[in-house]
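Inside the fold
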Amino acid sequence: MEITVTVKQLGRKHPILSEQKLDIACNDPKISLEYLLKLIVQQQVETFNSKSFELEDEDYAKIPSENYLNILTDTGKVGFGSIYNEKKANLQKAQENAIQAFEDGMFAVFYNDEQLESLSETVDLSLNHTFAFIRLTFLAGSYW
């Protein structure tokens, strides 16, 4: 089943936005948020693990274009798609980390502009709405 996902980051001059279509391994249109997160992590881990780890390989699709390079340098994150760690991702550990991060409030999930607050909430994928994942950051400093 194909879903549309938007990734956002709040609190930046240029929020990082990317809309992607993900093909997840699910036939049932009504699933829980926890299961959906696990399926998305599974798809991302499979994509990561299938990438080449040859040191001479260059991924021309990920090299930033001229107009996007300024945004990347403003945010302090410039990447060229190179993978320096040659270890494969562990699917089970990645899924556990994603669930724990959601429970800890590290990111919020919205479906059709409605926030999903519980892992047990049911999502109807047949509606074909866009998911929005918003990475939340904590303020540094103290109250006094």
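Heads up: these notes are all about the structure in this document. Since the model is a prediction, treat every value here as computed from it, not as a measurement.

1. Observations regarding the side chain of Gln-43
Turning to its location among the elements, Gln-43 is positioned in helix H1 (residues 33-50). With a relative accessible area of 16%, Gln-43 lands in the buried category. Setting aside anything within four residues of it in sequence, one finds Gln-43 in contact with Leu-22 and Asp-23.

2. Some remarks on the pattern of salt bridges
In this structure the tally under the stated criterion is one salt bridge. The residue Lys-38 makes a salt bridge to Glu-34 at a minimum N-O spacing of 3.7 Å. Residue Lys-38 and its partner Glu-34 are both found in helix H1; the two are separated by four residues, about one turn of the helix. Judged by relative accessible area, Lys-38 falls into the partly exposed class, the value being 30%.

3. Some thoughts on the environment of Met-1
Note that Met-1 resides in the segment before strand S1 (2-9). In the structure, Met-1 is positioned 28 residues away from Pro-29 in sequence and 8.5 Å away in space, judged by C-alpha atoms. In contact with Met-1, other than residues within four places in its own chain, are Leu-22, Asp-23, Ile-24, Cys-26, Asn-27, Pro-29 and Leu-125.

About the criteria used
- Residues numbered from 1 in each chain as written.
- Predicted model: local features only at pLDDT ≥ 70, side-chain atom pairs only at ≥ 80, totals over all residues.
- Heavy atoms only, no water.
- Helix = DSSP H or I, 4+ residues; strand = E, 2+ residues; numbered from the N terminus.
- Buried < 20%, exposed > 50% of the residue type's maximum accessible area, 1.4 Å probe, protein only.
- Contact = heavy atoms within 4.5 Å.
- Salt bridge = Lys/Arg side-chain N within 4 Å of Asp/Glu carboxyl O.

Purely spatial values, then, with no claim about function.
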